[in-house]
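Topology and contacts: notes
So you can see what is in the structure, the chains are spelled out below.
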Amino acid sequence: MSEALPPETASPQATLPLPAAALIGAAVGLVTSLYFEPGWEKVWPLGLLGLLPLAWTAGLGAVFLPTSRQRWGALALGAGLGVFGLLQADLVVPEGSSFRYLNGGGWGLIAALGLAGLLLLSGWEGGKRLSVRAIAPFAVSSFITFVLAALLGGLFYGLLALACGLLQAIGITQPAKLILNNVHVFLPLLLGASAFFVTAIRAQPWGLNLTRTLANVLGFLLPVASGIVLLFAAALPFAALQNTEKLYQGFLSSPLYLTLTLAFGALTLVAFAAKPVHLPRAAQQFSRWAAYLLPLYPGLALYGLSVRIGQYGLTESRLLGLIGAVWLLLSALALAFTRLKPAFAGLSRVTVGSLAGLAALSLLFSVPGLRPMEWSARSQAARLTRSDLTTLQSAEIVEQLAYDSGSLGKSLLARLPDSQLSETARNQRRRSGEMTFQQFRAAHFGGRAYVAETWRLSEGSLPLSAAQKTELKRLTTGKISFGNPIYHAHVMPLSSGTRALVYGFSWYEGIWADFDAAGKLVGSGTFASLERPYQTQSINWQQNPFNASTRSEILSVPVVKAGGATLILREGK
């Protein structure tokens, strides 16, 4: 008897032309590379936050989804996620990094919402109804195709790296600088190649047969996961009778319980999505027994997280853990009590319900006022008023509110009445307003006392006035990693004044500032080396080239030559 396959796996899918898929992947890579460019927030403060979710969602939809209707739906979904990206802009945190970044919880929820939305779109085959049975096989084949394409894309890039290495060996270094050391080149190449391979695999019968065969092979891991679930369930009562805390010590933890639940659910989807099921009947029944005990694990995770929250308050990671635990608990209950004969007969509806639940939870907690960072900031601000905090605990809370929770955290910290804070917490709050992120960490977590600022000029440097130092301190705040705090500087002459290069631990990146003959600031920006640090052997990256034995010269307005390194200056405000 021939296999009865779902429509999307019965024959090669309608895919994009291979060059178009590669161009789309390269475009997504180029947009992503902009996020790793220092100072992008000055050029485009909000646009990139909206463009990243739009590019990834629309790009994945164009490459994976087979119909134009679904691809247009992915574009609309990406536009909606872009709006949520823009709504996260007030939680962008500049301190402690060379460029701004979105809070981790915000990116995680946007990614989860986009993934759930794309998988649900795969069931929109035409008309107004959702084809429930098409989603589970599509999810399995897409995951396997994604992994295969990523491996092939990495192999493609590895071959390029090998070719560049061979060329470098004979003295041709430009290809290596262009391909290996430039994020704006290697990310588009890597993602473009991966998108090319996704399309190639999905467009050919051999590719569909390969993904189907791998899914059948992976399905045989389900009995192993079922045995682990049953073994844990048998051992947990003995651990709990000795001490409940043993359920969350060492190897056992809430993340482990959630990972086990997710792994079992994913393997069940892989094993039972395609028809006919290739697992022996005994293995299918064994998996059914394990599914009855599966809700126990997200339940344990919920209990463990609630205890930690009661002790230490909410954080972003704990709230995301709660969201994941609730979602996995509901999904595990649905999986455990789905239709029994044949085994997991209602898996398609469970899959759709689980994806809809994930999308709903992600959407809810992406709304301003309900976002993880906001919950975390409010909880930690309330915790700071407790009288039983140690000095280290209060410093951790102040650091989170002052530097890692956006404008909301700063506002909550400033509004706390002095009468509700200990003397230690009041002093730490005052210092957070006077110190940079690095200075605060050095003072409270580095085992060193806070000392006055120190300026270290290179041997071949011109002097700096007090007014110039004040301007440079203002320019470097939040942009350079300082220790305690030590400012390294090199000042060189200009035709009508001086140029100062200020850097922290790394001499090859920092800020520059031009002063006129009267010492007035006339221009500033950031600088970084043209060559990638530690990739160019002709430069000693460990030795500071700004000294009397190495001549520093201005090659042109945006370029400075320092020893063997070429420093590129970027204009700033």
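Structure shown above.
Our subject in this report is the structure included herewith. (Residues numbered from 1 in each chain as written. Predicted model: local features only at pLDDT ≥ 70, side-chain atom pairs only at ≥ 80, totals over all residues. Heavy atoms only, no water.)

1. Examining empty space enclosed by the protein
- For the structure shown, the criterion picks out 4 cavities of 30 Å³ or more.
- Put simply, the second largest cavity is a space of about 60 Å³.
- Lining the second largest cavity, in full, are Ala-215, Asn-216, Gly-219, Val-270, Ala-271, Ala-274, Pro-276, His-278 and Leu-279.
- A per-class count over the lining of the second largest cavity returns 6 nonpolar, 3 polar and no charged. (1 Å grid on protein atoms, 1.4 Å probe; cavity = no way out; pocket = protein on both sides within 12 Å on 5 of 7 lines; lining within 4 Å. Points joined across faces, edges and corners; volume = space filled by probe spheres on them. Nonpolar A, V, L, I, M, F, W, Y, C, P; charged D, E, K, R; others polar.)

2. So, the nonpolar core
- Tyr-257, Phe-264 and Tyr-297 are the most contacted members of the largest nonpolar core, which has 66 residues in total.
- Per-element accounting of this core gives the leading share, 11 residues, to helix H12 (residues 254-273).
- Residues in contact with Tyr-297, not counting those within four places in the same chain, are Ile-228, Val-229, Phe-232, Ala-233, Leu-236, Tyr-257, Leu-260 and Thr-261.
- Formed by 18 residues, the second largest nonpolar core is a distinct cluster that contains Leu-384, Leu-389, Leu-401 and Phe-437. (Core = buried A, V, L, I, M, F, W, Y, C linked by side-chain atoms within 4.5 Å. Buried < 20%, exposed > 50% of the residue type's maximum accessible area, 1.4 Å probe, protein only. Helix = DSSP H or I, 4+ residues; strand = E, 2+ residues; numbered from the N terminus. Contact = heavy atoms within 4.5 Å.)

3. Let's talk about the pairing of strand E3 (residues 497-503)
- Of all 7 residues making up E3, 7 are buried, and the element is well covered by its neighbours.
- Bridge count for strand E2 (residues 486-494) against E3 is 7 bridges, and the pairing is antiparallel. When the sheet's bridge partners are listed, Leu-494 is paired in E3 with Gly-497.
- Hairpin connection, E2 to E3: the antiparallel pair is bridged by 2 residues. (Pairing = 2+ DSSP bridges.)

4. Observations regarding the pairing of strand E5 (residues 521-529)
- In terms of strand pairing, strand E4 (residues 509-516) meets E5 through 7 bridges, oriented antiparallel. Bridge pairing in E5 places Ile-511 opposite Thr-526.
- Between E4 and E5, which pair antiparallel and follow one another directly, the connecting turn spans 4 residues, one of which, Gly-519, has a positive phi of 85°.

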